[in-house]
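# Examination of the molecular architecture
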Amino acid sequence: MAKTIFTCTECAGTSPRWLGKCPACGAWNTLIEAQADAGPGRNRYAAPRFSGLAQGQAVMPLSAIKASEVQRSPSGIGELDRVLGGGIVAGGVVLIGGDPGIGKSTLLLQALDALQRANLPTLYVTGEESGAQVALRSRRLGLEHSQVNVLAEIQLEKILSAVDSMRPTVAVIDSIQTVYSEQLTSAPGSVAQVRECAAHLTRAAKALGVAIVLVGHVTKEGALAGPRVLEHMVDTVLYFEGDTHSPFRLVRAVKNRFGAVNEIGVFAMTEKGLKGVSNPSAIFLSQHSEPVAGSCVLVTLEGTRPLLVEIQALVDSGGPSPRRLSVGLDRDRLAMLLAVLHRHAGVACMDQDVFVNAVGGVRISEPAADLAVLLSITSSLRGKALPRGFLAFGEVGLAGEVRPAPRGQERLKEAAKLGFCTAVVPRANAPKKPVPGLSIHAVERVEEALDVVRGLG
Ligand code: TYD
Ligand code: MG
């Protein structure tokens, strides 16, 4: 059995026993259990889990190395292939995270079944549910004749030997937090276990050319539970987003060594599992029969497709320390926008609670949402709805300027297609040719945008 040591997650310093404070850098609570390589000549930079990658390759100029195209197997689920960049890559490791119950196991079982039907061998390792539970789910999905191989196992060494002997095209580990290695004494699910097991599985994927999909839980804060370091180890990181109360789910690529990031796949949860939504632009709009105060629609561009998303704000008189809360949008950015609104447009929310929400559980990270957030806040503050068919987008800077969003023309076209008729956009995004059906107001400053809205009545 390999010797156990403790390494610091901050400085990579080591200690033979656990300490509260790292002896090398002085950071607290950063030492985690790892395996020491007992082999001779080991230096501190050669972490044992990378030894499999370092197989004494010759140094050669970049131009002399043959660039080989990666080999992809389309999963047969169009929206999933879109986020993966065309399909699952042989030897690639995908980490897929999301809240419990959002549909990770469902989607992966559907994908494995599609692969298996294309005669590609697959393996589904379940650590959270028993084989019987997986079978029950497969009946619900209409996959009762599925030939997907299922292994109910949580011990790393046994999983590795099954992968090695079976050599599937794709193996799913559901979930990485349940896997444990006997080599470590820490509990399954601990940072040390998750990190070490993921490292072993990654190495096996590369060595055997098997694509491995790791399912990971997400903490309340929205990060993949345990080690962020998992995200660095794997080739692709996908996150499931969406409100479990609504049927729609987004799968977003936040890292992809084999494709574009921020590409999204859109699914709807149905009675028979997840179904791809190929034309998703209008699914994040709530259907108000009359325009309501505090609501503004924005066109966001996620990956290659424009999406219309409704931003809702509620401004209400608060106590001595008013609250600023945001769901689906960055809270620090909200504080910044409120400061810009005050300084440059003279609209004060100092004594007000401000809540903002992106409808449908979608997360918006692009700054082009700024203008819609500001307009929904002022609309709620004044108790005055924006006109029917109104939308806005544009980044707002600290000096009160409205900056252009990438590919404005495409956003406007999509909005016009869905029947929107009035848009407030950054000056640089105003198209040269008019967009049929859309009256466009180009603005350069926040004050100007508020004036335009006031003028619309
Ligand atoms: P699941 O895939 O188990 O989520 P995760 O693995 O991310 O925890 O999804 C379970 C949820 O999906 C559960 O609340 C029921 C729902 N569901 C359906 O609505 N339709 C279906 O066909 C299936 C299989 C699940
Ligand atoms: Mg699950």
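Note that this is a predicted model, so its numbers are computed, not measured. (Residues numbered from 1 in each chain as written. Chains lettered and ligands numbered in written order. Predicted model: local features only at pLDDT ≥ 70, side-chain atom pairs only at ≥ 80, totals over all residues. Heavy atoms only, no water.)

Look at helix H5 (residues 191–208): 26 Å from first C-alpha to last across 18 residues, which is about the 26 Å you get at 1.5 Å a residue. With 13 of 18 residues buried, H5 lies mostly within the body of the structure. Once H5 ends, the next one or two residues include Gly209, with phi positive near 70°. (Helix = DSSP H or I, 4+ residues; strand = E, 2+ residues; numbered from the N terminus. Expected span 1.5 Å × (residues − 1). Buried < 20%, exposed > 50% of the residue type's maximum accessible area, 1.4 Å probe, protein only.)

Let us look at the pairing of strand S18 (residues 352–358). Along S18, five of the seven residues are buried, which leaves the element largely enclosed by surrounding structure. As paired strands, strand S17 (residues 324–327) and S18 are joined by four bridges and run parallel to one another. Paired with Arg324 across the bridge in S18 is Val354. Handedness of the crossover joining S17 and S18 through helix H7 (residues 331–345) is recorded here as left-handed. (Pairing = 2+ DSSP bridges. Right-handed = clockwise from strand over helix to strand, strands pointing away.)

This next bit is on empty space enclosed by the protein. Over the atoms, a rolled probe matching the size of one water molecule traces out where space is still vacant. Scanning the entire structure with this criterion turns up three cavities of 30 Å³ or more. Here the largest cavity is characterised by a volume of approximately 80 Å³. Forming the walls of the largest cavity are 13 residues, and the residues nearest its centre are Leu80, Leu84, Ile88, Leu108 and Val213. Of all elements in the fold, only helix H1 (78–84), strand S6 (93–98), helix H2 (104–117) and strand S9 (170–174) reach the threshold of two or more residues within the lining of the largest cavity. By residue number, the principal contributor to the lining of the largest cavity is H2, which donates four residues. (1 Å grid on protein atoms, 1.4 Å probe; cavity = no way out; pocket = protein on both sides within 12 Å on 5 of 7 lines; lining within 4 Å. Points joined across faces, edges and corners; volume = space filled by probe spheres on them.)

Taken from the UniProt record, the annotation "binding site: ATP" (unreviewed entry) applies to Gly98, Asp99, Pro100, Gly101, Ile102, Gly103, Lys104 and Ser105. Considering the arrangement of structural elements, one finds Gly98 in strand S6. Residue classification places Gly98 among the buried residues on the basis of a relative accessible area of 2%. Excluding residues within four positions of it along the chain, Gly98 makes contact with Lys104, Gly216, His217, Val218 and Phe240. Relative to the elements of secondary structure, Pro100 occurs in the loop between S6 and H2. (UniProt positions renumbered as here; feature names shortened; annotations may be inferred. Contact = heavy atoms within 4.5 Å.)

A few words on the domain arrangement of the protein. In many analyses, interface size is given as the accessible surface area lost on bringing the parts together. Domain boundaries assigned for the protein yield domain 1 (1–46), domain 2 (73–278) and domain 3 (283–456). Placing the centre of domain 2 and that of domain 3 at their C-alpha centroids yields a distance of 36 Å. The interface is formed by 16 residues belonging to domain 2 together with eleven residues belonging to domain 3. Here domain 2 packs against domain 3, burying approximately 1,200 Å² in sum over the two surfaces, 49% of which is carbon and sulfur. (Domains from an automatic or database assignment. Buried area = accessible area lost by both parts, 1.4 Å probe.)

Two side chains of opposite charge can pair, provided their charged atoms sit close to one another. One pass over the full model with this rule turns up 21 salt bridges. Note that Arg427 and Glu448 form a salt bridge whose closest N and O atoms lie 3.4 Å from each other. One end of the pair, Arg427, is in the loop between strand S22 (422–426) and strand S23 (439–443); the other, Glu448, is in helix H10 (residues 446–455), with 21 residues separating them in the sequence. What makes Glu448 partly exposed here is its relative accessible area of 27%. Here Glu447 ties to Arg445 by a salt bridge, and the two come within 3.0 Å at their closest N and O atoms. A relative accessible area of 26% means that Glu447 is categorised as partly exposed. You can call Arg445 partly exposed: its relative accessible area is 28%. Via salt bridges that share partners, Arg333, Asp370, Glu395, Glu401 and Arg403 belong to a single interconnected network. (Salt bridge = Lys/Arg side-chain N within 4 Å of Asp/Glu carboxyl O.)

Further remarks concern the site of ligand 1. Ligand 1 sits among 16 residues. The nearest are Gly101, Ser105, Thr106, Thr270 and Gly273. Here a nitrogen atom of ligand 1 sits 3.4 Å away from a polar atom, N or O, in the side chain of Arg140. One of the backbone N or O atoms of Gly273 is found 2.7 Å from an oxygen atom in ligand 1. Those elements that place two or more of their residues in the shell around ligand 1 are H2, helix H3 (131–140) and strand S13 (264–270). (Near = heavy atom within 4 Å. Polar contact = N/O pair within 3.5 Å; in protein donor to acceptor, adjacent residues only side chain to side chain.)

Once that is clear, we can look at the nonpolar core. Counting 61 residues, the largest nonpolar core has Leu371, Leu375, Ile377 and Leu391 as the members making the most contacts within it. Mapped onto the domain boundaries, this core takes at least three residues apiece from domain 2 (73–278) and domain 3 (283–456). Dropping the residues within four chain positions of it, Leu391 is found in contact with Val297, Val299, Ala415, Phe420, Thr422, Ala423, Val424 and Leu438. In this structure, Val83, Leu84, Ile88 and Leu143 belong to the second largest nonpolar core, which totals 30 residues. (Core = buried A, V, L, I, M, F, W, Y, C linked by side-chain atoms within 4.5 Å.)

Position of Asp113 relative to the elements: it lies in helix H2. The class for Asp113 is buried, based on a relative accessible area of 4%. For the pair Asp113 and Gly76, spaced 37 residues apart in sequence, the C-alpha to C-alpha distance is 9.3 Å. Those residues in contact with Asp113 that sit more than four places away from it in its chain are Leu143, Ser146, Gln147 and Val148.

Next up on the list: the UniProt feature "domain: RecA family profile" (unreviewed entry) in the protein. Mapped onto the present numbering, the UniProt feature "domain: RecA family profile" (unreviewed entry) falls on residues 69–218. Along residues 69–218, the helical share is 40% and the strand share 21%, with 33 Å between the first and last C-alpha atoms.

A few words on the state of the cysteines. Within this structure, the stated rule accounts for zero disulfides. Not part of a disulfide, Cys349 finds its nearest cysteine sulfur in Cys296, a span of 15 Å. Note on Cys349: relative accessible area 5%, which makes it buried. (Disulfide = S-S within 2.5 Å.)

In this model H7 runs 20 Å from its N-terminal to its C-terminal C-alpha over 15 residues, within 8% of the 21 Å that 1.5 Å per residue would give. Here H7 has its buried residues at Leu334, Leu337, Leu338, Val340 and Leu341. On an axial view of H7, the arc spanned by its buried residues comes to 160°, and they lie on one face. Exposed side of H7, more than 90 degrees from the buried face: Asp332 and Arg343 are the residues found there. In this fold, the buried residues of H7 make contact with S17, S18, helix H8 (370–382), strand S20 (395–396) and H10. Just downstream of H7, Gly346 is the residue with a positive phi angle, here 65°. (Arc of directions from axis to C-beta.)

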